[in-house]
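# A look at the structure
Below are the chains, spelled out letter by letter.
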Amino acid sequence: MTVLDLWLSHSIPMCLLLQSLVLMALCFPSASMCPKGCICQRADPHLHGLNVTCSQSRLKEIPPGLPVDTVLLRLDHNQIGAVPDRAFQGLRLLRELNLSYNAVETLGEGAFSGVEGTLQVLDLSHNRITSVHKDAFTRLKARVIVDDNPWHCDCALQQALGGMAHNHEAAARVLCRSSELRDQEGRPFLAVDTDLCNLAKRTTDYAMLVTMFGWFAMVISYVVYYVRQNQEDARRHLEYLKSLPSKPKKPDEADDISTVV
């Protein structure tokens, strides 16, 4: 066996092994890249991006260290109670985010900051969301699913849904569990034809007016009381002066009067 034959007999298996390792690395990312309780898979070796599944993992918060090339992130059926601002900022390839069946109660202005341009589907159904920041969905182009949440219909929600012109279907499914208007409770949000922001402003104006009137009435009452109290004191002082005995005249003064007469 020549040296060339010997080299080829060893190099070909090594090349095949190296190719296999590269292929495995592409299809199955290392465990260190995947958060605890999650499964990270590359659905197609020819596509750049990971499917990260963290469903039913008893998570109470969004796991840190999510792979930057995540394109699909499933966080459904957990106990996540909040979405911090910029929680997904590093995931610039994220196209689908599933946060359904969690315990999220509110959403801030920057909850989805950094993924507005890439996100295509956002599932927030079956949570405990009652309120959102008025700009929470402003820059999102994704289809947002918000069914089955105990919404409180107020000015902020009206502004938030008003900025979702491309999500009219999602807004139509928002039911008011509570509302600034009692007769709107239990009705679809789009059935509210009142400007809740102006309603809140009018309520504030009325409250200020009532407060100012109260202060004015209190000042008038104090002035009236003060005047009457002074009048009473003056009357008592005058009666006291009248009750004093008159001063007797001196003899010299009487003689002078008689002489003049």
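Above: the structure in question.
The following refers to the structure shown. (Residues numbered from 1 in each chain as written. Predicted model: local features only at pLDDT ≥ 70, side-chain atom pairs only at ≥ 80, totals over all residues. Heavy atoms only, no water.)

## As for the overall build of the chain
Helix and strand content of the chain: 5 helices and 10 strands. Looking at the chain residue by residue over its 261 residues, the buried ones come to 32%. Restricting the contact set of the chain to residue pairs at least 6 apart, pairs at least 24 apart contribute 44%. Within the structure as shown, the chain displays about 17600 Å² of accessible surface, and the carbon and sulfur contribution to it stands at 60%. (Helix = DSSP H or I, 4+ residues; strand = E, 2+ residues; numbered from the N terminus. Buried < 20%, exposed > 50% of the residue type's maximum accessible area, 1.4 Å probe, protein only. Contact = heavy atoms within 4.5 Å. Areas by Shrake-Rupley, 256 points an atom, 1.4 Å probe, with all protein chains shown as cover.)

## Quick word on the state of the cysteines
Tallied over the entire structure, the rule returns 4 disulfides. Paired through a disulfide, Cys 34 and Cys 40 show a sulfur-sulfur distance of 2.0 Å. On the S-S bond that ties Cys 34 to Cys 40, the torsion sits near 90°, and the link is right-handed. An identical accessibility class is assigned to Cys 34 and Cys 40; each is buried. In this model Cys 155 forms its disulfide with Cys 197; the gap between the sulfur atoms is 2.0 Å. Measuring handedness by torsion sign, the sulfur bridge of Cys 155 and Cys 197 sits at about 90° and is right-handed. One end of the pair, Cys 155, is in helix α2 (residues 155–162); the other, Cys 197, is in helix α4 (residues 196–243), with 42 residues separating them in the sequence. (Disulfide = S-S within 2.5 Å.)

## Focus: the sheet that holds strand β3 (residues 70–74)
In spatial order, the strands read β1-β2-β3-β4-β6-β8; together these 6 strands make up an open sheet with mixed pairing. Pairing within the sheet leaves two strands with one partner each, and these edge strands are β1 (39–41) and β8 (143–145). Ignoring strand direction, the axes of neighbouring strands in this sheet form an average angle of 10°. Here strand β6 (residues 121–123) pairs with β8 via 3 bridges, running parallel. Along β8, the bridge assignment pairs Val 121 with Arg 143. (Pairing = 2+ DSSP bridges. Axes fitted to C-alpha atoms, helices over the stretch in contact; angles between N-to-C directions.)

## Looking at unusual backbone geometry
Positive phi is not limited to glycine here, since Tyr 101 has a value of about 55°. The topology assignment puts Tyr 101 in the loop between β4 (96–98) and β5 (106–107). Since its relative accessible area comes to 39%, Tyr 101 is described here as partly exposed. Phi is positive for His 126, close to 55°, though the residue is something other than glycine. By the secondary structure assignment, His 126 is in the loop between β6 and β7 (131–132). Overall, His 126 belongs to the partly exposed group, its relative accessible area being 28%.

## Some remarks on the packing of aromatic side chains
Scanning all chains against the criterion turns up 1 aromatic pair. Relative to Phe 112, the ring of Phe 88 lies with its centre 6.4 Å away and its plane at 5°, an arrangement referred to as stacked. Of this pair, Phe 88 sits in the loop between β3 and β4 while Phe 112 sits in the loop between β5 and β6, placing them 24 residues apart in sequence. In this structure Phe 88 comes out as buried when scored by relative accessible area, which is 0%. Using a relative accessible area of 2% as the deciding quantity, one classes Phe 112 as buried. (Phe/Tyr/Trp six-rings, centres within 6.5 Å; stacked < 30°, edge-to-face > 60°.)

## Quick word on the pattern of salt bridges
Enumeration according to the criterion identifies 4 salt bridges in this entry. With its nearest N and O atoms 3.4 Å apart, the salt bridge here joins Arg 139 to Glu 116. Of this pair, Arg 139 sits in the loop between β7 and β8 while Glu 116 sits in the loop between β5 and β6, placing them 23 residues apart in sequence. Accessibility expressed as a relative area gives 16% for Glu 116, which makes it buried. Asp 147 is the salt-bridge partner of Arg 173, the closest N and O atoms lying 3.1 Å from each other. Within this pair, whereas Arg 173 is found in the loop between α3 (168–172) and β10 (176–179), its partner Asp 147 is found in the loop between β8 and β9 (151–153), the two being separated by 26 residues in sequence. The class for Arg 173 is partly exposed, based on a relative accessible area of 45%. Note on Asp 147: relative accessible area 17%, which makes it buried. (Salt bridge = Lys/Arg side-chain N within 4 Å of Asp/Glu carboxyl O.)

Structural measurements only, silent on function.
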